[in-house]
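# Architecture at a glance
Read off the chains here:
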Amino acid sequence: MRFVFTLRQAGVTDTRVLKAMEQIDRARFVRGLFAERAYDDTPLPIACGQTISQPAVVGLMTQALEVNPRDKVLEIGTGSGYQAAVLSKLARRVYTLDRHRTLVADARAVFRDLELHNITAMTADGTRGLPEQAPFDRIIVTAAAEDPPARLLAQLRTGGIMVLPVGQSDTVQRLIRVRRLEDGYDYEELRPVRFVPLVEGLAQD
Ligand code: SAH
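These notes cover the structure that comes with them. (Residues numbered from 1 in each chain as written. Predicted model: local features only at pLDDT ≥ 70, side-chain atom pairs only at ≥ 80, totals over all residues. Heavy atoms only, no water.)

Moving on, we get to the overall build of the protein chain. Helix and strand counts for the protein chain stand at 6 helices and 9 strands. Its C-alpha radius of gyration of 15 Å places the protein chain within 12% of the 17 Å reference for a compact globule of 205 residues. Dimensions along the principal axes, computed over C-alpha positions, put the protein chain at roughly 50 × 40 × 35 Å. In the protein chain, which comprises 205 residues, the proportion classed as buried is 50%. (Helix = DSSP H or I, 4+ residues; strand = E, 2+ residues; numbered from the N terminus. Rg over C-alpha atoms; globule rule 2.2 N^0.38 Å. Buried < 20%, exposed > 50% of the residue type's maximum accessible area, 1.4 Å probe, protein only.)

So this is what it looks like as structure tokens:
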């Protein structure tokens, strides 16, 4: 795979993660003019004014999530569907939510083409999580909130892990990892990142 060297340099060393990223062709998730840059280690514009994350960041977040083959994972921020596709190679089941129905429809079509049948993509406000499927073993948020959304923390299983960017949208945010313990939550700061903001409510498109 073309960016495996870049991923290793960025600190993605988990062989399961590297293998999963090798199996998913990023070019399938980028349209039009930007498709030729699909293998660059850079975020790229997608529909609805959103972005597909930089591959190194996808790799580091996936690695930090420590996904096991039996896990049920919730992703907030489907975007192009790329992160969900990578997770689908590592987990038993992936639920992914986006507030833009156009993005969800496009991502579903790609999942179908790639025969990734263990992903359920839904148009929904991710700040509410997905109570009907909770608790989750792992939760990943790919849009930045000022603080970890309380409703997502509540939907994490004891022993579960959540990875998310926190901080204001116009400044540098921090990627954090939250572990749910028997008697509370443990927070760990991983690295600076930059994501589009987590916005409450459904979008018009
Ligand atoms: N994981 C994506 C990149 C996500 S970009 C990928 O692999 O391509 C961030 C996404 O979060 C955007 O698509 C945006 O619409 C979505 N988003 C922002 N706020 C949200 C919310 N409250 N609920 C669901 N999705 C949200």
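What follows picks up the thread again.
Taken together, 28 residues lie near the ligand, and G77, S80, D98, G126 and V199 sit nearest. Between a nitrogen atom of the ligand and a side-chain N or O atom of E75, the distance comes to 3.0 Å. Here the ligand loses 99% of its free accessible area of 580 Å² to cover by the protein chains. Judged by the proximity of its atoms to the pocket grid, the ligand belongs to the largest pocket. Sorting the residues of the shell around the ligand by element identifies strand 2 (51–52), strand 3 (72–76), helix 4 (82–88) and strand 4 (93–98) as the ones contributing at least two each. Residue composition of the shell around the ligand, by class: 11 nonpolar, 13 polar and 4 charged. (Near = heavy atom within 4 Å. Polar contact = N/O pair within 3.5 Å; in protein donor to acceptor, adjacent residues only side chain to side chain. Areas by Shrake-Rupley, 256 points an atom, 1.4 Å probe, with all protein chains shown as cover. 1 Å grid on protein atoms, 1.4 Å probe; cavity = no way out; pocket = protein on both sides within 12 Å on 5 of 7 lines; lining within 4 Å. Sits in = over half its atoms within 2 Å of the grid points. Nonpolar A, V, L, I, M, F, W, Y, C, P; charged D, E, K, R; others polar.)

Compared with an ideal rise of 1.5 Å per residue, which puts 13 residues at 18 Å, helix 5 (residues 101–113) spans 19 Å between its outermost C-alpha atoms and is within 8% of the ideal. Of all the positions in helix 5, only L103, V104, A107, V110 and F111 are classed as buried. Viewed along the axis of helix 5, the buried residues span an arc of 130°, placing them on a single side of the element. Away from its buried face by more than 90 degrees, helix 5 exposes R112 and D113. (Expected span 1.5 Å × (residues − 1). Arc of directions from axis to C-beta.)

Moving on, we come to the pattern of salt bridges. Scanning the entire structure with this criterion turns up 10 salt bridges. The salt bridge involving D106 is made with R31; its shortest N-O contact spans 3.8 Å. One end of the pair, D106, is in helix 5; the other, R31, is in the loop between helix 2 (15–23) and strand 1 (44–45), and 75 residues separate them in sequence. With relative accessibility at 30%, the residue D106 sits in the partly exposed group. (Salt bridge = Lys/Arg side-chain N within 4 Å of Asp/Glu carboxyl O.)

With respect to burial, strand 4 is a largely interior element, 5 of its 6 residues being buried. Across 5 bridges, the pairing between strand 3 and strand 4 is parallel. Residue pairing across strands places L74 opposite Y95, the latter belonging to strand 4. Note on the crossover from strand 3 through helix 4 to strand 4: the handedness is right-handed. As defined by bridge partners, strand 4 adjoins strand 5 (residues 119–123) across 5 bridges and the pair is classed as parallel. Within strand 5, the position partnered with D98 by the bridge is T123. Note on the crossover from strand 4 through helix 5 to strand 5: the handedness is right-handed. (Pairing = 2+ DSSP bridges. Right-handed = clockwise from strand over helix to strand, strands pointing away.)

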